[in-house]
Amino acid sequence: MTKKTFQVPRGTRDILPDDQVYFDYLNSIFKSVVKAAGFRQITTPAFEDTNLFVRGVGKETDIVEKEMYTFRDKSDNLLTLRPEGTAPIVRSYLENGMQSWSQPVKLFYTMPMYRYDRPQAGRYREFWQYGLEMIGDKEPLADVMVISTAQRVYRKLGIGDYISLQLNSIGCQKCRPKYIKELTVYYKNNEKKICASCKNRAETNPLRLLDCKDPKCQPVIEDAPQIINFLCPECHEHFRQVLESLDEINVSYEINPRLVRGLDYYSRTVFEFWAGSDGAQNALCGGGRYDGLVEVFGGKSTAALGFAGGTDRTIEFIKSHPEIEVIYDQKVDVFVVQLGSEARKNCLKLLSSFWDEEVAAEGGFDKEGISGQLSIANRLKAKYALIIGQKEAYDKTVIIKEMASGNQEVYPQDKVVSEVKKRLK
Ligand code: HAM
């Protein structure tokens, strides 16, 4: 009988060490950019009360209708694996009294998310997001700061020139209903020309009609009324100032009247960064304002905005451009080479001293000869090989070999750590 082998659940995957290099690269750039802009890290639980997402993200959204991993625990609590980070962070803002902190509160995160999506390239059931939320700032300049921070991340990652910023305003509670009414009438008049899901969307979530991907619906979308023409004077002025400030700092964008985003909490500015001409699997990140969400969760009216990028998708995009240099190879500064049982003991002691000083050091403990170990040092691109042969073990010395030049010098073992540290500076 053959033994059962196990596989990861569909839509999930192992992040193997070679891929982890890309995750570290992206996250380290993201963190350094957003920390410089004054954001501080937050991590929320992997699961939350299901109602948080139903109320926050919206009952009629794809996420809540089709994609949530919802379960009852042993105490009969209804819980959902976090499908996105904004609702949990607003919950945390209120729960932890952040309304009394100095405003705006600026938070960032890198967390795994869970959506029962149809797995395909760039679409997983467990995926990672890097994102930030800025709560307590209503000014158009805050929009510009958030958008330009995302753009700075992409520039630093080396993909700034390959992507486009898509921008729209979806108005507010005051002006959007008028637009929705107009859109619904327009779709009623074109009922025969649209797909079955759009017939349903026209009833439940008319804004989503605009990002249907069915070819049949494209001509109808093309001629649909545009929300930008229905904005109230306040929303219109807000959007005008966002565009003006983006122009001032030379951030280029495309106004995309169809961009409506898939979550219900948005208001006014919405945006995505696309790698390619349409957003289906190409949105590297999405975000916008959600000025009403704090109130939906019981807080006082508080303007807020943010974005989240798909880590897996961004990495796949970086990988598809081999000319982009990922400078985040795990480095090895020192490789300790030894020969003989006494030298092997010295080797472990020496490695421990390097690790205490956080110098990246490795060593060969097996019985391979000196040349075999040196070739491992070469392969790991170690800067120095420290060689302890039988003579050196006896003398308590070590040969420092600079791998690039081949130069060698003998040093006392108790002085070698400080010497190597000096040379690495
Ligand atoms: P979202 O557009 O649902 O927004 O997701 C943001 C990004 O996560 C997408 O642009 C995409 O790159 C990535 N993503 C989404 N679903 C998947 C998937 N199944 N597999 C791989 N990557 C995926 C939000 O989640 C909002 N919370 C963003 C936000 C923050 N808005 C304001 N603040």
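Check the entry above for the structure.
An account of the accompanying structure is given in this report. Please read all numbers here as calculations on a predicted model, not as lab measurements.

### Details of the nonpolar core
Residues Ile135 and Tyr187 are the most contacted members of the largest nonpolar core, which totals 52 residues. No other element matches the 5 residues that strand S5 (residues 105-114) contributes to this core. Leu26, Tyr130, Met134 and Phe239 belong to the second largest nonpolar core, which has 41 residues in total.

### Observations concerning the side chain of arginine 125
Following the sequence through the fold, arginine 125 ends up in the loop between S5 and strand S6 (126-135). Aspartate 117 is the oppositely charged side chain nearest to the buried, salt-bridge-free arginine 125, at an N-O distance of 7.4 Å. Here aspartate 117 takes part through its backbone oxygen, which lies 2.9 Å from a polar atom of the side chain of arginine 125. Dropping the residues within four chain positions of it, arginine 125 is found in contact with Arg10, Gly11, Tyr69, Met113, Tyr114, Arg115, Tyr116, Asp117 and Pro119.

### Some points on the environment of serine 197
With respect to the element layout, serine 197 can be found in helix H7 (residues 196-204). What makes serine 197 partly exposed here is its relative accessible area of 40%. Sequence-wise, serine 197 and arginine 289 are 92 residues apart; in three dimensions their C-alpha atoms are separated by 27 Å.

### So, the site of the ligand
Around the ligand, a shell composed of 27 residues is seen, among which Glu84, Tyr124, Glu133, Tyr266 and Ala283 lie nearest. At a separation of 2.8 Å, an oxygen atom of the ligand approaches a polar backbone atom of alanine 283. Within the complex, the protein chains bury 96% of what would otherwise be the 670 Å² of accessible surface of the ligand. Of all the elements in the fold, those that place two or more residues in the shell around the ligand are S6, strand S10 (283-289) and strand S11 (304-310). It is S10 that provides the largest number of residues to the shell around the ligand, a total of 6 residues. Across the shell around the ligand, the residue classes break down as 12 nonpolar, 8 polar and 7 charged.

### Digging into the pattern of salt bridges
As enumerated under the stated definition, the model contains 26 salt bridges in all. Across the pair aspartate 291 and arginine 289 runs a salt bridge, and its minimum N-O distance is 2.9 Å. With relative accessibility at 0%, the residue arginine 289 sits in the buried group. Between lysine 421 and glutamate 357 there is a salt bridge, with the nearest N and O atoms lying 2.6 Å from each other. Remark: glutamate 357 occurs in the loop between helix H12 (341-356) and strand S13 (361-363) and lysine 421 occurs in helix H15 (residues 413-424); sequence separation between them is 64 residues.

### A short note on helix H4 (residues 86-95)
Extensive coverage of H4 is indicated by the burial of 8 of its 10 residues. Summarising the contacts, the buried residues of H4 are in contact with strand S2 (47-49), helix H2 (50-57), S5, S6 and helix H10 (293-296).

### Points about the sheet that holds S2
Reading across the sheet, the 3 strands line up as S2-S4-S3 and stay open at both edges, with antiparallel pairing between neighbours. Lying at the two open borders of the sheet, with one neighbouring strand each, are S2 and strand S3 (70-72). Across the sheet, the mean angle separating the axes of adjacent strands is 35° when strand polarity is ignored. Two elements, S2 and strand S4 (residues 78-81), share 3 bridges in a ladder whose sense is antiparallel. Considered in S4, the bridge of phenylalanine 47 is made with leucine 81.

Procedures and definitions
- Residues numbered from 1 in each chain as written.
- Predicted model: local features only at pLDDT ≥ 70, side-chain atom pairs only at ≥ 80, totals over all residues.
- Heavy atoms only, no water.
- Core = buried A, V, L, I, M, F, W, Y, C linked by side-chain atoms within 4.5 Å.
- Buried < 20%, exposed > 50% of the residue type's maximum accessible area, 1.4 Å probe, protein only.
- Helix = DSSP H or I, 4+ residues; strand = E, 2+ residues; numbered from the N terminus.
- Lys, Arg positive; Asp, Glu negative; His and termini not counted.
- Salt bridge = Lys/Arg side-chain N within 4 Å of Asp/Glu carboxyl O.
- Polar contact = N/O pair within 3.5 Å; in protein donor to acceptor, adjacent residues only side chain to side chain.
- Contact = heavy atoms within 4.5 Å.
- Near = heavy atom within 4 Å.
- Areas by Shrake-Rupley, 256 points an atom, 1.4 Å probe, with all protein chains shown as cover.
- Nonpolar A, V, L, I, M, F, W, Y, C, P; charged D, E, K, R; others polar.
- Pairing = 2+ DSSP bridges.
- Axes fitted to C-alpha atoms, helices over the stretch in contact; angles between N-to-C directions.

In short, the description is geometric, and any link to function would need to be established separately.
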